[in-house]
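Here are the chains, one letter per residue:
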Amino acid sequence: MAPYLETVRSFADVPITDAGVDTLAFLEAAQGVVGLFDLLGSAAFTAVQSDLKGNIAKVRARYDAAPEKSSTLELLVENEKGEKKRTATEGLMWLLRGLSFTCKALQTAQANPTEELASAFSKSYEATLKKFHNFVVKGIFSVAMKACPYRADFYSKLAADPAGGPPVPADKLNEELNKWLAALDNIVKRMEAFYEKGGHNKGF
């Protein structure tokens with residue numbers, strides 16, 4: 001085993017062409033975000049993880065059913081447009097929202113070295129997911145924010161090698177994490193604009 005970010009596909013390595021964002025590479029990188037919540041180590045984040053996993057599965061199912069029409073996220077959404085149930089389109093919409101929440105929280109933590117994760121995740125929730133959630137779900141997230149580990153503990157887990165090798169130096173970790181987050185942010189913004197322009201987020 002290697003330190004966490006070396007074991008998952010970085011969003012910086014997800015190919016983006018004129019046809020759009022590579023579906024399989026994106027889903028593989030998104031799976032890495034699910035694992036990131038294991039490092040946060042709180043059962044309170046189970047709801048967030050299961051939401052991410054469920055939405056990854058919806059997009060993957062559509063890809064498996066029609067791979068030639070789903071090679072990029074944009075093509076997948078465009079080709080599902082005429083169908084009665086746009087399960088993958090809705091799943092991807094929610095997946096992007098969950099990824100945006102995670103991305104903004106960690107970008108806030110990266111930009112403010114003294115800020116605790118509970119604060120960074122709470123600010124991100126206000127800016128991203130809160131407006132889409134009902135009273136019950138808001139309560140679940142409120143508990144999750146309070147259960148965030150201390151910043152130092154999370155960053156040391158992120159740097160650690162589970163096999164007992166040397167941890168990643170802080171400057172290298174920050175460089176890798178910033179690259180990962182910048183690429184994720186770019187994909188989320190690109191896809192949000194695509195959904196908005198095509199009206200793909202309507203009807204859910």
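Remember, predicted model here, so these are calculated numbers, not experimental data.

Analysis parameters
- Every residue gets a number counted from 1 within its own chain, in the order that chain's sequence is written.
- The model is predicted, so local features are restricted to residues of pLDDT at least 70 and side-chain atom pairs to those at 80 or more, both for listing and for counting; the totals for chains, interfaces and linings are taken over all residues.
- Side-chain measures here rest on the full set of heavy atoms in the structure, leaving out hydrogens and waters.
- Secondary structure counts use DSSP, requiring at least four H or I residues in a row for a helix and at least two E residues in a row for a strand, with both numbered from the N terminus.
- The globule rule used for comparison is 2.2 Å times the number of residues to the exponent 0.38, while the radius of gyration itself is calculated over C-alpha atoms.
- A 1.4 Å probe rolled over the protein chains alone gives each residue an accessible area, and that area as a share of the maximum for its type sets the label: buried under 20%, exposed over 50%, partly exposed in between.
- A contact between two residues is defined here by any heavy atoms of the two lying within 4.5 Å.
- Asp and Glu count as negative and Lys and Arg as positive, but His and the ends of the chain are not part of the count.
- Lysine's charge is taken at NZ, arginine's at CZ, aspartate's at CG and glutamate's at CD.
- Only centres within 6.5 Å qualify two rings of Phe, Tyr or Trp (six-membered ring in Trp) as a pair; their planes then separate them into stacked at under 30 degrees, edge-to-face at over 60, and tilted for everything else.
- Here, over-ring charges are defined by two tests on the NZ atom of lysine or the CZ atom of arginine: distance to the ring centre within 6 Å, and angle to the ring normal within 35 degrees.
- Here, the term disulfide refers to a pair of cysteine sulfur atoms separated by no more than 2.5 Å.
- Axis definition: a line fit to C-alpha positions, over the contact stretch in the case of helices; interaxial angles, taken between N-to-C directions, run 0 to 180 degrees.
- What sets the label is the angle itself: under 35 degrees gives roughly parallel, over 145 gives roughly antiparallel, 65 to 115 gives roughly perpendicular, and the rest give oblique.
- Handedness of a helix crossing follows the sense of rotation of the near helix relative to the far helix, less than a right angle counterclockwise being left-handed and clockwise being right-handed.
- Residues are sorted three ways: Asp, Glu, Lys and Arg are charged, Ala, Val, Leu, Ile, Met, Phe, Trp, Tyr, Cys and Pro are nonpolar, and all the rest, Gly among them, are polar.
- Within 3.5 Å is the distance limit for a polar contact, defined as a pair of N or O atoms, with the added protein rule that one can donate a hydrogen and the other accept it, and that residues adjacent in sequence qualify only through two side-chain atoms.
- How sure the predictor is of each residue is captured by pLDDT, a score from 0 to 100.
- Between Lys or Arg on one side and Asp or Glu on the other, a salt bridge is scored when a side-chain nitrogen of the former is within 4 Å of a carboxyl oxygen of the latter.

**Here we look at the overall build of the protein**
Here is step 1: When its secondary structure is counted, the protein shows 9 helices and 2 strands.
Here is step 2: For the protein, the succession of helices and strands along the chain, N to C, is α-β-β-α-α-α-α-α-α-α-α.
Here is step 3: Taking 204 residues into account, the globule formula puts the C-alpha radius of gyration at 17 Å, and the protein, at 17 Å, falls close to it.
Here is step 4: The principal-axis extents of the C-alpha atoms in the protein amount to approximately 50 × 40 × 25 Å.
Here is step 5: In the protein, which comprises 204 residues, the share counted as buried stands at 47%.
Here is step 6: Long-range pairs, those at least 24 residues apart, make up 70% of the contacts in the protein with a sequence separation of at least 6.
Here is step 7: Within the protein, one finds 25 positive and 25 negative side-chain charges whose respective centroids are separated by 8 Å.

**Describing the packing of aromatic side chains**
Here is step 1: In this structure the tally under the stated criterion is 8 aromatic pairs.
Here is step 2: For the ring pair phenylalanine 11 and tryptophan 180, a centre distance of 5.5 Å and an interplane angle of 65° mean the geometry is edge-to-face. Of this pair, phenylalanine 11 sits in the loop between α1 (4-7) and β1 (16-17) while tryptophan 180 sits in helix α9 (residues 170-198), and the two are 169 residues apart along the sequence.
Here is step 3: For phenylalanine 11, a relative accessible area of 1% translates into the label buried.
Here is step 4: Residue tryptophan 180 is classed as buried on the basis of its relative accessible area of 2%.
Here is step 5: An aromatic cluster is built from Phe37, Phe101, Phe121 and Tyr125, whose rings are joined through pairwise contacts.
Here is step 6: Seen from the ring of tryptophan 94, arginine 97 lies directly overhead, with NZ or CZ sitting 4.5 Å from the centre.

**Here's the deal with the side chain of glutamine 110**
Here is step 1: Along the chain, glutamine 110 falls in helix α5 (residues 87-111).
Here is step 2: Looking at glutamine 110, the relative accessible area reads 15%, which means it is buried.
Here is step 3: In contact with glutamine 110, other than residues within four places in its own chain, are Tyr155, Asn174, Leu177, Asn178 and Leu181.

**Details of the state of the cysteines**
Here is step 1: Counting across every chain of the model gives 0 disulfides.
Here is step 2: For the unlinked cysteine cysteine 148, the closest cysteine sulfur is that of cysteine 103, found at 16 Å.

**Here's the deal with the packing of helix α2 (residues 23-40) against helix α8 (residues 151-159)**
Here is step 1: Across the interface, α2 lies against α8 with an axial gap of 9 Å and an inter-helix angle of 125°. Judged by the inter-axis angle, α2 sits oblique to α8. You can see that α2 and α8 cross each other, and the crossing is right-handed. From α2, Leu36, Leu39 and Leu40 reach across to α8, where they touch Phe154, Lys157 and Leu158.
Here is step 2: Considering only residue class, the contact of α2 with α8 consists of 5 nonpolar, no polar and 1 charged.

**Brief notes about the environment of aspartate 38**
Here is step 1: Tracing the backbone shows aspartate 38 in helix α2.
Here is step 2: Among the polar contacts listed, one links the side chain of aspartate 38 to the side chain of glutamine 49, at a separation of 2.9 Å.

**Here's the deal with the confidence of the model for the protein**
Here is step 1: With 99% of its residues at a pLDDT of at least 70, the protein reaches an overall mean of 91.
Here is step 2: For the protein, the element scoring lowest by mean pLDDT is helix α7 (residues 135-146), at 78; strand β2 (residues 20-21) scores highest, at 98.

**Observations regarding the pattern of salt bridges**
Here is step 1: Counted according to the given criterion, the structure contains 10 salt bridges.
Here is step 2: Among the salt bridges present, the one from arginine 190 reaches glutamate 74, with a minimum N-O distance of 2.9 Å. Residue arginine 190 is found in helix α9, and its partner glutamate 74 is found in helix α4 (residues 73-80); the two are separated by 116 residues along the sequence.
Here is step 3: Exposure remark for glutamate 74: the relative accessible area of 9% places this residue in the buried category.

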